[in-house]
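Fold and contact review
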There are 2 protein chains.
Amino acid sequence: MKKVIILGSTGSIGTQTLDIINENRDQFTVTALSCRSRVDDLIQQIREFSPEAVCVGKEEDAHRVQKLFPKLEVYYGDEGLISLANLDADIVLNALMGISGLAPTYRAIETGKDIALANKETLVAGGALVMNLVKQKKVRLLPVDSEHSAIFQCLEGNQDREIRRILLTASGGPFRNYTLEQLEEVTLDQALNHPKWSMGKKITIDSATMMNKGLEVIEAKWLFDVPTSKIEIHVHPESIVHSMVEFQDTSVLAQMGLPDMRIPISLALGYPKRLPYSGESLNFFDAGKTLHFEKPNPEVFRCIKLAYQAIETGGSYPIVLNGANEELVAMFLQKEIRFLDIQRTIERVLEEHTMATPNSVEEILAIDREARTVARKSALANR
Amino acid sequence: MKKVIILGSTGSIGTQTLDIINENRDQFTVTALSCRSRVDDLIQQIREFSPEAVCVGKEEDAHRVQKLFPKLEVYYGDEGLISLANLDADIVLNALMGISGLAPTYRAIETGKDIALANKETLVAGGALVMNLVKQKKVRLLPVDSEHSAIFQCLEGNQDREIRRILLTASGGPFRNYTLEQLEEVTLDQALNHPKWSMGKKITIDSATMMNKGLEVIEAKWLFDVPTSKIEIHVHPESIVHSMVEFQDTSVLAQMGLPDMRIPISLALGYPKRLPYSGESLNFFDAGKTLHFEKPNPEVFRCIKLAYQAIETGGSYPIVLNGANEELVAMFLQKEIRFLDIQRTIERVLEEHTMATPNSVEEILAIDREARTVARKSALANR
């Protein structure tokens, strides 16, 4: 029995993870669950999966849950997430949103647990620190993103072989082939309407700006230890090829599937096994009949360019990129700024930033907070 | 240094193998070479690679070569190929054409050498016998076909994982989407004009009839130990995806590349390493920009259907399928019969065949000879 801690169990990844566990009750047991604000959903999950501990966002919600389940360990807030990461378990599936995923991942690795990582920010902001600890503690860091899971699968049989290129595919989002002029006009509703994947709001906007792909380039660099010069983004509107790897003999391996997060989740959860899945096969005479690839345009979708620049400069730049982006996406979701304000503001914030080299999670979080403040001010001043 | 024996060194696969060896002289040495009739080419290769031994088709050619190279061991004929297979070496690359590849492969395995197999007939006719010996002798049987190399690469990191489907891709050949009526009229020149791959004549015709794909289904069944019910042919006119494997979690791995036999040859030769290759990368904004898949039509290209039936019936049927096909393709190349006579005659020959269960290479070769005689007679009687 694998003991699983799920951070962010009421979101899209979290609920699909619990579906998979539910279908494989003989192999998994749930040690802990967490949510930020969907407490009613969490209560339902507690009834179904009987965890030892849970964490919620606010103290008052913790009291409410504790009353319903007197024997349950109930925590709240960021400190509560760290407490969950401390529990005895085999694997932590981290589906938290944003930078708040970093500290619990770090603690889970410190305590020797494998990580199924659906939280990009852990590596975008904490890559060097986290990967050092992963090596030191000899834990597995298993990607849950469909792209990184694809790359991971392509590399499984090729451990000591030279990589020529990683080809990271991108759906292109709802605004593929738009010009900068057209992007000026796009609305929140349009940006939230992703053509292929049903995801949370933050990542859906990141997909529309293509910052999502920029963050994934950074994540891939850390996960697979390749320089960003070997990571290329390929727009692939059908979202069937989830990413590819070219080796030094020019052979390319690709992983494909329907756009269904259950595949990467179940691989990370069941690793090294592949769990059986009753879902339908990808039909190459239907959904997979025609596959296209296009060049991305980093002059229009500048978040791509900014992400490459940030990771190539290194140090605190990726943290600032990510922190500014999180703040600006939240502002866009609140209709405080327009769509293109996101990339324009990040560009300004990065230009004004002075390099720092953080050596702890706390220092990373401090740089992140500062970046958010600067980004918010800059966005409001330039609306 | 890997010591390599190349059977069929003057053909398309053979010369590309020598190109690869030439670029990696620090890793490979050539123990033996063979040709059937291109003796001048072989003489050139002897000068360049200094093998210990060679084999030619005819006795008089052997004498001619021996005079030029007095210290060289020179053999001829089918017995000569067996003598080469007996030599001390690490790997035998078998690029012989047709059933004549079976006996030397068998002897090479008996003497504990790894096999790089570009000769389909070895497994089509001798699958059960050969695979038993491979297991007993614990040698590696490395596929050189682009499709089987692709499947091999997709399976490398997935050794103990359940396969849902093998998706064997096919270019569809020069007559893709033709009706039976249209196939009635096709000429030898049209059949020899393959849209994607430059290969020998026999395999080019097999590609036009799609028997090539039928033989590959049988080969895949033996190489990867999967029932034919799990092997599906997908027509893919671009010949970029060389084959795919779907696992039980519905994840599909695909291997891609330009249509270039150097990739599978160099993987088999260098295994477990991938050798560096200075060739250009597959460009997904050009040759790989759009990828299509189509259903094959086994009612028109009946060789597909006949191959599935032959392997599912088992025993001597695949030997008869292959023997009849070899004879009929030779007749078509001599303009003795028309294109559709190939599939029609094989169908009749299989219908009239009575099951046998051969237990040795000699018995397989006897069934093969009988099938050729029957096929020739039947084809001539029904022109």
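Quick summary incoming for the structure in this document. Think of each chain on its own: its residues are numbered from 1, step by step along the sequence as written. Key to labels: chains lettered from A, ligands numbered from 1, both in the order written. Reporting in this predicted model follows two pLDDT cut-offs: at least 70 for local features of residues, and 80 or more for side-chain atom pairs to be given and counted; totals over whole chains, interfaces and linings ignore these cut-offs and use all residues. By convention in this description, side-chain values take in all heavy atoms of the structure and omit both hydrogens and water.

What follows deals with the overall build of chain A. A run of H or I in DSSP becomes a helix once it reaches four residues, and a run of E becomes a strand once it reaches two; helices and strands are each numbered from the N terminus. In terms of helices and strands, chain A carries 16 helices and 12 strands. Scaling as 2.2 N^0.38, a compact globule of 383 residues should have a C-alpha radius of gyration of about 21 Å, and chain A matches this with 20 Å. With respect to the principal axes defined by its C-alpha atoms, chain A has extents near 55 × 50 × 40 Å. Burial classes follow relative accessibility: with a 1.4 Å probe on protein chains only, a residue under 20% of its type's maximum area counts as buried, one over 50% as exposed, and anything between as partly exposed. By residue count, 63% of the 383 residues in chain A fall in the buried class. We call two residues in contact when some of their heavy atoms are within 4.5 Å. In chain A, of all internal contacts separated by at least 6 residues, the share reaching a separation of at least 24 is 68%. Total accessible area computed for chain A in this model is approximately 15000 Å², and 46% of it derives from carbon and sulfur atoms. Asp and Glu are treated as the negative residues and Lys and Arg as the positive ones, with His and the ends of the chain left uncounted. Where a charge sits is defined by one atom per residue type, namely NZ (Lys), CZ (Arg), CG (Asp) or CD (Glu). One way to put it: in chain A the 43 positive side-chain charges average out to a point 1 Å from where the 52 negative ones average out. We compute the radius of gyration over the C-alpha atoms and compare it with the globule rule, which gives 2.2 Å times the number of residues raised to the power 0.38. For accessible areas, the Shrake-Rupley method is used with a probe of radius 1.4 Å. Any residue's cover is judged against the shown protein chains and nothing else.

With that settled, consider the side chain of Gln255 of chain A. Mapped onto the fold, Gln255 of chain A is located in strand β11 (residues 252–256). Throughout this description, a polar contact denotes any pair of N or O atoms lying within 3.5 Å of each other; where both atoms belong to protein, one of them has to be capable of donating a hydrogen while the other can accept it, and for residues adjacent in sequence the pair is counted only when both atoms sit in side chains. Polar contacts involving the side chain of Gln255 of chain A include one to the side chain of Ser251 of chain B, which spans 2.7 Å. Not counting residues within four places of it along the chain, the set of residues in contact with Gln255 of chain A comprises Ser146, Ala150, Gln153, Cys154, Ile240, Val241, His242, Ser243 and Ile263 of chain A together with Ser251, Val252 and Leu253 of chain B.

What follows is about the nonpolar core. Buried together is how nonpolar side chains tend to be arranged in soluble globular proteins. Working definition of a nonpolar core: buried Ala, Val, Leu, Ile, Met, Phe, Trp, Tyr and Cys residues. They are joined through side-chain atoms within 4.5 Å. Grouped together as the largest cluster of nonpolar side chains are 254 residues, with contacts concentrated most on Val65, Leu321 and Ile346 of chain A together with Val65, Leu321 and Ile346 of chain B. Among all residues touching Val65 of chain B, those that are not within four sequence positions of it are Val39, Ile43, Ile46, Val54, Val56, Leu72 and Val74 of chain B. Residues Val241 and Ala254 of chain A together with Met256 and Phe293 of chain B belong to the second largest nonpolar core, which totals 22 residues.

As a further point, take the relation of the copies chain B and chain A. Placing chain B over chain A gives an RMSD of 0.0 Å and needs a rotation angle of 180°, together with 0.0 Å of translation along the axis. Taken together, the rotation and translation relating the two chain copies correspond to the operation of a two-fold axis. Closest approach to the rotation axis among the C-alpha atoms of chain B is made by Gly157 of chain B, whose C-alpha sits 1.8 Å away. When the interface residues of chain B are mapped onto chain A, 100% of them again fall at the interface, so both copies present the same face. A least-squares superposition brings the copies together, and it is based on the C-alpha atoms of residues with pLDDT no lower than 70 in both.

A word on the pattern of salt bridges. We define a salt bridge as a side-chain nitrogen of Lys or Arg found within 4 Å of a carboxyl oxygen belonging to Asp or Glu. Overall, the coordinates contain 54 salt bridges over all chains when judged by the stated rule. Measuring nitrogen to oxygen at the nearest pair gives 2.8 Å for the salt bridge that ties Asp368 of chain A to Arg372 of chain A. Here Asp368 of chain A and its partner Arg372 of chain A are both found in helix α16 (residues 361–381), four residues apart, which amounts to about one turn of the helix. Given the relative accessible area of 18%, Arg372 of chain A is considered buried. Arg302 of chain B is the partner of Glu347 of chain B in a salt bridge, and the nearest nitrogen-oxygen pair spans 2.7 Å.

The buried count for helix α12 (residues 262–270) of chain B comes to nine of nine residues, which makes it a mostly enclosed element. When α12 of chain B is considered as a whole, its buried residues turn out to be Arg262, Ile263, Pro264, Ile265, Ser266, Leu267, Ala268, Leu269 and Gly270 of chain B.

On to the sheet that holds strand β2 (residues 28–34) of chain B. Residue and element names in this part refer to chain B. If DSSP finds at least two bridges between two strands, the strands pair. With parallel pairing, the seven strands of this open sheet are ordered in space as β4-β3-β2-β1-β5-β6-β7. The open sheet terminates on both sides in strands that have one partner only, identified here as β4 (73–76) and β7 (141–143). Mean inter-strand twist for the sheet, computed between neighbouring axes without regard to direction, equals 25°. Against the sheet, helix α6 (residues 120–137) contacts β5 (91–94), β6 (114–117) and β7, and its axis sits at roughly 145° relative to β7. An axis is simply a line fitted to the C-alpha atoms; with a helix, the fit covers only the stretch in contact. Between two such axes, the angle follows the N-to-C directions and lies from 0 to 180 degrees.

Residue and element names in this part refer to chain A. Residue position: Arg25 is located in the loop between α1 (12–23) and β2 (28–34). Its relative accessible area of 36% is what places Arg25 among the partly exposed residues. Spatially, the C-alpha atom of Arg25 lies 48 Å from that of Val349, the residues being 324 residues apart in sequence. Apart from residues no more than four positions distant in its own chain, Arg25 is found in contact with Met1, Glu48 and Phe49.

Time to look at the packing of helix α11 (residues 211–224) of chain B against helix α13 (residues 302–313) of chain B. Residue and element names in this part refer to chain B. It is at 7 Å that the axes of α11 and α13 come closest, and there the two elements cross at 25°. Relative to α13, the element α11 is oriented roughly parallel. Handedness of the α11/α13 crossing: right-handed. Facing Met211, Gly214, Leu215, Val217, Ile218, Lys221 and Trp222 of α11, the residues of α13 in contact are Cys303, Ala307, Tyr308 and Ile311. Gly is placed with the polar residues, together with every amino acid not listed as nonpolar (Ala, Val, Leu, Ile, Met, Phe, Trp, Tyr, Cys and Pro) or charged (Asp, Glu, Lys and Arg). When the residues that make up the contact of α11 with α13 are grouped by side-chain class, the tally is nine nonpolar, one polar and one charged. Angle categories are assigned with fixed cut-offs, so that under 35 degrees is roughly parallel, over 145 is roughly antiparallel, 65 to 115 is roughly perpendicular, and the rest are oblique. Whether a crossing is left-handed or right-handed is set by the direction in which the near helix is turned from the far one by less than a right angle, anticlockwise for left-handed and clockwise for right-handed.

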